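Each chain is listed here by its residues.
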Amino acid sequence: MIAELGHFALVLAFGVALLQAVLPIWGAARGDRRLMALADPAAMVQFLLIAAAFAALTHAFVTSDFSLSLVVGNSHTDKPLIYKIAGVWGNHEGSLLLWVLALSGFGASAVWFGGNLPVTLKARVLGVQGMIGVAFLAFLLFTSNPFLRLAQPPMNGRDLNPLLQDPGLAFHPPFLYLGYVGLSMSFSFAVAALIEGRIDAAWARWVRPWTLAAWIFLTIGITLGSWWAYYELGWGGFWFWDPVENASFMPWLISAALLHSAIVVEKRESLRAWTILLAILAFGFSLIGTFLVRSGVITSVHAFANDPERGVFILLILGFFMGGALMLFALRAGALEARGAFAMLSRESALVANNLLLAVAAFVVFIGTIWPLVAELLWGRVLSVGAPFFDAAFTPFMVGLALILPVGAMLPWKRADLRATVRRLLPALLLALALGALAYAVQSGRSALGPVGLALGAWLVAGTLTDLALRCGRGSLGERLSRLSRLPRADWGKATAHAGLGITIFAVAAMMAWATEDIRVLRPGESFALGPYEITLREVHKESGPNYETSLAEMAVTKAGAAVTTLYPEKRFYPVAQMPTTEAAIDYGLFRDLYLVIGDPQEGGGYAVRSYIKPFANWLWGGALMMALGGMLSLSDRRYRVAAGARRAAPQPAE
Amino acid sequence: MRRLILVLALLASPAFAVQPDEVLPDPVLEARARTISENLRCPVCQGESIDDSNAPISRSLRLAVRERLVAGDSDAEVMEYIVARYGEFVLFRPRASGSGLVLWLAGPAMLVLGGGIAFAMARRRAKAPEAEGLSAEDRARLEALLKE
């Protein structure tokens, strides 16, 4: 009964979305305020209905209602409660339901926070948001209904994929979806502005918080996924350039570009057409990502859904929204006369370079991802594009970006003196070069990757600190600190995010260049040396978990005779899913992770053991989370609260 | 990315890719073997290198790579040997020749093109008049608002 109510709520939501897609836009065109006013309640009701459907599906999973075919395929009575809930989105149908829930949630928050938007702009934004809702609700209802019943329910389910039964992964998809779908707001604002024919600083101020929010969610989602891969897959890799990872990385790169170009529109009203184009493309990459993942067109280890019907449907959605928006762009963008002059050397130009590098980087990821498809269609060649290509073809653009970032971040608007800025950054530059040279000398004979990563990371962090120090001006320490504390949150956000990027770049290089690995057969009681550590396999015994069997190894780690820690790597077997998994045991440290994996028993006794020292692993997630934190600081800046939430009548002083 | 994982599931099964008995005694040769393996795709898995894969065929490929290295082949010769038998599908890094050039040059070409456009625009922009005061459009809007 509850499942039927959920299904019914979805159908109603589809109807409401249809109204929301048509009436407000029509009203805005005719200047009919009553029709425009329909947008608010429609967006709210659509969200509540989809939330009800989502609650109904969650109820089915929590109560293990095996009359639903989706629950049978992805759940089991023995599964811990948290994974019963995570099972709701651990499959195609449920994850799409989460997608439309997030979509309608963003629409509803536009109503919530959009009190001061011009009436016609708000009606159009919500109308476009309604159209996207119609498309995806139709996709859900007609090709991927999560509420299908079984005529003969089985006694128990087939369980969720054991690799998905993990806290890191339980929360990874919701964040990623909030990011993907958050970009629909930027898209709706761009299309509404094109219809409206007005793009100015106020528009940029409205659209930037939504883009920031989407980018923060994407950052956190990607970080969680990467961290999960690191500890769960058993070889300490953190990024595989898999098509599904790329699907989330492309919108991240483009939305990062959009964040920066929206600043130029906001401060200087330049780059308006380009910013609109980026907003359209950012959501386009979200849709392309959805298509790649959902259609299985690119054989990826990740793609479950191998159903051409679904692929074609998403392709139609993609074609409609991208085709429509780009056509509108072509018709209207020409009318945007260039405003806000700036010199060849200026903050504006630096941000153009930032946008160019990020866009090209996203394009490289895109072409590498679809290349096997292109080659097969055009030349019948079956080939692969993997990590070695992306490492070689993508990295140079990131290096370029990191090189110009500290300089660009300090250049003044409109017209800049490059030499003066570089002179201020000279200490940071020398520090970075010295650290790189030192690392190169100490590591003797290994690849240049580590030293280059260290130098780039130090350049970004030191450059950011230089910027902050100069913002304090001159005077006593007290005066400087008080000036520092009065810096707008957006400036703190910028500094935090840029330093986070530096730390991430350093950690990636360090993990790739300086990891230590050891593979051997070990009998209980034996020990071996790994770097400065001595590792002893004490014993291996069997245990049972709630829904799995496990072989648990006890391994003692000592350094110069002193005990460091005892680690318990596991090899689990999930009988329902008939699948083994490895649970690496990790001793997390500030400067290194100790990463132990136990493998199969060997002929002749003993176990295969793999062990790693992963230098600066935590800096990778820390740096990425710093970027997200920087986004949050920026989002909390007063000017957005004023712009987004204020219903006060009094005008705010310009900042 | 998560659905993602279903993914790995199929393949990632037990942890081990390179088994202890495969490792060559000479650390230099072994390091070369690892680098080569990371660039070769497991023919039956999806998206895993033979270095990461547990499939039996990946094990044979890893052993073949090591055999050739011990026999004195250069890295390029080992690659040739494997590609001749399994096709270019196993190359994770497509060759930068023929149509492969398009793939490799797409990024740099776009950078040059985009940079050229941005440069031309910036030159024009540097000469554009600074927007002062209200545009005609803004003035019309202001008047309309004042009338309301």
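Now for a description of the structure that goes with this document. Note that the structure is predicted; figures quoted are calculated from it, not measured.

1. Regarding the pairing of strand β3 (residues 533-544) of chain A
Residues and elements named next belong to chain A.
Part 1 of the argument: The pairing of strand β2 (residues 527-530) with β3 spans four bridges and is classified as antiparallel. Following the sheet pairing, alanine 529 is matched in β3 by glutamate 534.
Part 2 of the argument: Counting the residues between successive antiparallel strands, the hairpin from β2 to β3 contains two residues, one of them, glycine 531, with a positive phi of roughly 55°.
Part 3 of the argument: Judged from the eleven bridges that link them, β3 and strand β4 (residues 549-559) form a sheet pairing that is antiparallel. What sits directly across from lysine 542, in β4, is serine 551.
Part 4 of the argument: Remark: four residues form the turn of the hairpin made by β3 and β4, two consecutive strands paired antiparallel.

2. As for unusual backbone geometry
Glycine aside, negative phi is the norm for most residues, and most peptide bonds take the trans geometry.
Residues and elements named next belong to chain A.
Part 1 of the argument: For tryptophan 241, which is not glycine, the phi dihedral falls at a positive 55°.
Part 2 of the argument: Position of tryptophan 241 among the secondary structure elements: in the loop between α9 (201-232) and α10 (243-268).
Part 3 of the argument: Using a count of 20 C-beta atoms within 10 Å as the deciding quantity, one classes tryptophan 241 as buried.
Part 4 of the argument: At alanine 560, a position not held by glycine, the phi torsion is positive, near 50°.
Part 5 of the argument: Along the chain, alanine 560 turns up in the loop between β4 and β5 (562-567).
Part 6 of the argument: Judged by local crowding, alanine 560 falls into the exposed class, with 8 C-beta atoms found within 10 Å.

3. Some words on helix α3 (residues 56-70) of chain B
Residue and element names in this part refer to chain B.
Part 1 of the argument: Helix length check: α3, at 15 residues, gives a terminal C-alpha distance of 21 Å against a target of 21 Å (1.5 Å per residue), a fit within 8%.
Part 2 of the argument: Within α3, the full set of buried residues consists of Ser58, Leu61, Arg62, Val65, Arg66, Arg68 and Leu69. Looking straight down α3, one finds its buried side chains confined to an arc of 160°; they lie on one side. Facing away from the buried side of α3, by more than 90 degrees, are the exposed residues Pro56 and Ser60.
Part 3 of the argument: At its buried positions, α3 is contacted by α2 (27-38) and α4 (75-86).

About the criteria used
Residues numbered from 1 in each chain as written. Chains lettered and ligands numbered in written order. Predicted model: local features only at pLDDT ≥ 70, side-chain atom pairs only at ≥ 80, totals over all residues. Pairing = 2+ DSSP bridges. Helix = DSSP H or I, 4+ residues; strand = E, 2+ residues; numbered from the N terminus. Buried ≥ 20, exposed ≤ 12 C-beta atoms within 10 Å, placed from the backbone. Expected span 1.5 Å × (residues − 1). Arc of directions from axis to C-beta. Contact = placed C-beta atoms within 7 Å.

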